[in-house]
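Chains, contacts and geometry: an overview
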Amino acid sequence: LPNPTREEALEIKRLGLHHDFLVNELHLLKQRLYSKGFQTSLIVGLVGAALLIIALQIQTTSTKGLLETERSRIGILQSIGIRAAEYRRAYFIDALKRIVLSVLMTHLALVMVIGLYLLLTHPGSDLLLEMQISLSDYPYGIHGLIVLAFIVLGTAAAFMPLGNILQRQPVENIRSLK
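These figures come from a predicted structure and were not determined experimentally.

Time to look at the nonpolar core. Listed in full, the 7 residues of the largest apolar core are L67, I74, Y87, Y91, L162, I165 and L166. Elements with a minimum of two residues in this core: α4 (84-121) and α7 (162-167). At 3 residues, α7 tops the list of elements feeding residues into this core. Leave out the neighbours within four places in its chain, and L162 touches L67, I74, Y87, R88 and Y91.

Spelled out as structure tokens, the structure:
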């Protein structure tokens with residue numbers, strides 16, 4: 001039975017005792033909770049992956065649009081001698097700073113939401129202790145890997161559109177005011 005009612009669980013226990021088997025209702029309940037939690041985690045993970053892909057696509061598109069508007073300035077900088085490597089390094093550092101700042105802001109917002117939730121559900125208790133209890137089994141290693149992947153992919157998404165512009169001649173970039 002996937003979801004036994006109280007009566008069905010008692011019947012299972014009675015049959016188990018009748019045939020010298022020990023059936024523990026807590027074990028069945030734990031098994032159900034684990035499978036529901038696992039299914040919920042999979043759904044949340046899929047939604048998170050979809051949001052990550054959407055965020056990277058939005059960032060790539062907005063960065064590409066921004067660089068298209070700056071193309072003439074990049075062409076002028078190329079014509080006065082700024083090398084592509086220097087511009088790439090500066091743009092890479094800027095993109096990395098923006099991505100790390102967005103990750104920090106997201107984590108700050110997440111801590112605020114968790115704190116607000118704990119304040120509403122556990123009024124009058126020690127907020128830090130409740131947060132430690134709530135996050136005691138959190139997979140921090142996996143979270144760190146996801147954050148690292150987001151930083152790498154986000155920086156790459158912000159940095160990649162620059163390559164097409166820097167491959168063109170300075171005159172082409174200056175004249176490309178469309």
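Tallying each qualifying case throughout the model produces 1 aromatic pair. Here Y87 and Y91 contribute two aromatic rings whose centre-to-centre distance is 6.4 Å and whose plane-to-plane angle is 15°, an arrangement assigned as stacked. Within this pair, Y87 and its partner Y91 are both found in helix α4, separated by 4 residues, close to a single helical turn. On the accessibility criterion, Y87 (11% relative accessible area) is buried. A relative accessible area of 8% means that Y91 is categorised as buried.

Turning our eyes to something else, we now look at a nonpolar patch on the surface. A contiguous nonpolar patch, built from I43, V47, L51, I54 and I58 and spanning about 490 Å² of accessible area, is present on the exposed surface. The exposure class assigned to I43 is exposed, which follows from its relative accessible area of 54%.

On to the pattern of salt bridges. For the structure on display, the rule yields 1 salt bridge. Between R98 and D94 there is a salt bridge whose closest N-O contact spans 3.3 Å. Taken as a pair, R98 and D94 lie in helix α4 at a separation of 4 residues, close to a single helical turn. Relative accessible area serves as the criterion here: at 35%, R98 is assigned to the partly exposed category.

Conventions used here
- Along each chain, residue indices are assigned from 1 in the same order as the chain's sequence is written.
- Note on the predicted model: pLDDT of at least 70 is required for a residue's local features to be given, and 80 or more for side-chain atom pairs to be given and counted; whole-chain, interface and lining totals, by contrast, use all residues.
- Excluding hydrogens and water, the side-chain figures rest on all heavy atoms present in the structure.
- In plain words, nonpolar cores are sets of buried Ala, Val, Leu, Ile, Met, Phe, Trp, Tyr and Cys residues tied together by side-chain atoms within 4.5 Å.
- Only protein chains enter the accessibility calculation, which uses a 1.4 Å probe; a residue is then buried when its area is under 20% of its type maximum, exposed when over 50%, and partly exposed in between.
- Per the convention used, a helix needs a DSSP run of H or I reaching at least four residues, while a strand needs a run of E reaching at least two, with both numbered from the N terminus.
- Contacts between residues were defined by any pair of non-hydrogen atoms, one from each residue, lying within 4.5 Å.
- Pairing of aromatic rings covers Phe, Tyr and Trp, the last counted by its six-membered ring, and requires centre-to-centre distances within 6.5 Å; plane angles under 30 degrees mean stacked, over 60 mean edge-to-face, and any other angle means tilted.
- Patch building starts from residues that exceed 30% relative accessible area and form no salt bridge, then joins like charges within 9 Å and nonpolar side chains (Val, Leu, Ile, Met, Phe, Trp, Tyr) within 5 Å.
- The protein chains shown are the only cover counted for residues, whose accessible areas, like all others here, come from Shrake-Rupley with a 1.4 Å probe.
- Salt bridges are counted wherever a side-chain nitrogen of Lys or Arg sits within 4 Å of a carboxyl oxygen of Asp or Glu.

These values are about where atoms sit, not about what they do.
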